[in-house]
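# An overview of the molecular structure
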Amino acid sequence: MLFFINFDTQRVTLDNLIREFIFLLNMSGAGTGYDLSSTTYNPEGKVYQVEYAMKAAESGGSIIGLKCKDGIVIGGERNVLSKMLVQHSNKCIFGITKNIGAVVTGVIPDGKAVISRARQEATQYAEFYGKDIGSTVLADRVAQYMYLFTLYGGLRPFGCSIIMAGIDDGTPKLFLIEPSGAYFEYFACASGKGNQVCKTEIDKLNLSELTCREAVYHIHKMLVKSREEGQEKRYEVDISWMNSETNFFLVPVPVEFKDEMERKAKDDIESEERGD
Amino acid sequence: MALNHTVDPIIVGASVIAIKYADGILMCTDTLASFGSMARYKNIPRMAAIGNSTLIGASGEYSDFQEIIRLLREKEQEDFIQHDNISLSAAHYASYLSSILYGKRNKGNPLYNSVAIAGIINGQQYLAYLDLYGTHVLADYVTTGFAAHLCKPLLGNDWRPDLTESEAKQLVEGCMRTLWYRDARASNRIQFAKVTREGITFEDPYVLQSEWGYDSYKTYSLNPLYA
């Protein structure tokens, strides 16, 4: 067996002792056996497979959710991998019920699997209780589902983060669910590659006075700012909202309005930069 | 075969009438659900909207009607969350429902209803009749239950494709009055709903005018049938 060190035949030399010492020092590092499955903690008390899943989630396009005065807006950007892809296809926002939806970042097929589970939960709940599921309950169930995948050796944690938005009895709700299964309720949140930039931008907003229409502009602005400089990548931005205008159903923001806000956001950023 | 309670309806609604007219489709039911011959629930709706352009009305077992509504609304949500600005039409729902009805009939466990499904598809009126056997037919006017016996001839005489809304309403109200007089399971509390290009509108239920004061009604011996 090539991969096993046979300790019996290893001589106790200074050289070997030093090697052993260095091994012990680094024993919590990657490739030391603690990251082979999510059933094992490393000596620091973390589960590497979960940490890696977080990394996978953070490497996807930025996603943002904003709770506004008059409703709720979620949005995300995704890389357009080829010129030949049909425009507006492969959206990263998914409906779950008529007034709950989610935007996904990270490994998209993982996200789709979670969304499909969320839809199942929602229909099952409606069938059982004769009442639509609330987003608080749904977020909890989806988080539990994702958490399950961090517990078994034969499973791989989901490499995706999910921002879920819904309206429970007229109250807007916003949740961010992470690969670890942890989920929190937010006024505003961001995940994906540019989440740091987005979060600092969110801090500058007055969320209690922000309207959904303004939020569309700000989401575009944050997404442009969070993009890495000098990269000529193609992006598409999806934004959906829920407010009285949409009967409190989650629907995509009208394309003309979205494009107008994108142009405005880009122009404003350009003039800000010229002003500096 | 084992005793099968699903072919023994319990809470039942009577007739549904739906007719095409110039601008859309008019549907009417009474608001009664009977328990045997007892007028058990006098103010329940027997029509429902599925999405923005499909109207469904049913006679027969009320719980089965509720199940049908649940199934169609589930489909409607499934379609809505695609966010693609394309929605299922009345024809899609009718076809889906007829498959369910036929499938369940073949298992000897039918949904005990006669159903009218109405909608506007590409500006055209669509009206279908479905029943517990899985029958699926399109028609200019649909009558279920006792109305199929008492009102089909009336509609056959007076229905025209270019009826105005008020003419259509008058015609259907006449049918409902006939049912109220002659069908012991019918109620005089009726409700209209319509599908037009603008969408679905439900009207408030109201009580039909009727006349029971004729001498032959009051005095048995004056009734020519029994004289």
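Residues numbered from 1 in each chain as written. Chains lettered and ligands numbered in written order. Predicted model: local features only at pLDDT ≥ 70, side-chain atom pairs only at ≥ 80, totals over all residues. Heavy atoms only, no water.

### Quick look at the interface of chain A and chain B
- With 11 residues of chain A at the contact, the number on the chain B side is seven residues.
- Area buried by chain A at its contact with chain B is led by Lys-98, Thr-123 and Glu-127 of chain A, which between them contribute 43% of it.
- There are two salt bridges connecting chain A and chain B.
- Between chain A and chain B we count three residue pairs in polar contact (both at pLDDT 80 or more) in total. (Contact = heavy atoms within 4.5 Å. Buried area = accessible area lost by both parts, 1.4 Å probe. Salt bridge = Lys/Arg side-chain N within 4 Å of Asp/Glu carboxyl O. Polar contact = N/O pair within 3.5 Å; in protein donor to acceptor, adjacent residues only side chain to side chain.)

### Concerning the confidence of the model for chain A
- Residues at a pLDDT of 70 or more form 90% of chain A, whose mean pLDDT is 90.
- Segment residues 1–5 of chain A is flagged for pLDDT under 50; beyond a separation of four residues in sequence, or across chains, it makes one contact in the model. (pLDDT = per-residue confidence, 0-100.)

### Observations concerning the pairing of strand 9 (residues 124–131) of chain B
- Counting buried residues in strand 9 of chain B gives seven out of eight residues, a clear majority hidden from the surface.
- Linking two consecutive strands that pair antiparallel, namely strand 8 (residues 113–121) of chain B and strand 9 of chain B, is a turn of two residues; a positive phi of about 50° is found at Asn-122 of chain B within it. (Buried < 20%, exposed > 50% of the residue type's maximum accessible area, 1.4 Å probe, protein only. Helix = DSSP H or I, 4+ residues; strand = E, 2+ residues; numbered from the N terminus. Pairing = 2+ DSSP bridges.)

### What about the pattern of salt bridges?
- Evaluation of the coordinates by the stated rule reveals 29 salt bridges over all chains.
- With its nearest N and O atoms 3.2 Å apart, the salt bridge here joins Glu-121 of chain A to Arg-117 of chain A. Taken together, the positions of Glu-121 of chain A and Arg-117 of chain A, both in helix 3 (residues 108–129) and four residues apart, correspond to about one turn of that helix.
- Assessed through its relative accessible area of 12%, Glu-121 of chain A is described here as buried.
- Overall, the relative accessible area of 30% leaves Arg-117 of chain A in the partly exposed class.
- Salt-bridge contacts for Arg-177 of chain B lead to Glu-173 of chain B; the nearest nitrogen and oxygen are separated by 3.1 Å. You can see Arg-177 of chain B and its partner Glu-173 of chain B sitting in helix 5 (residues 165–182), four residues apart, about one turn around the helix.
- Judged by relative accessible area, Glu-173 of chain B falls into the partly exposed class, the value being 23%.

### Details of the sheet that holds strand 8 (residues 188–191) of chain A
All names here are of chain A.
- Reading across from one edge, 8-1-2-9-10 is the order of the five strands in this open sheet, with antiparallel pairing throughout. Lying at the two open borders of the sheet, with one neighbouring strand each, are strand 8 and strand 10 (251–252).
- Examined bridge by bridge, strand 9 (residues 235–243) and strand 10 share two bridges and lie antiparallel to one another. Note on strand 10: the bridge partner recorded for Trp-241 is Val-251.

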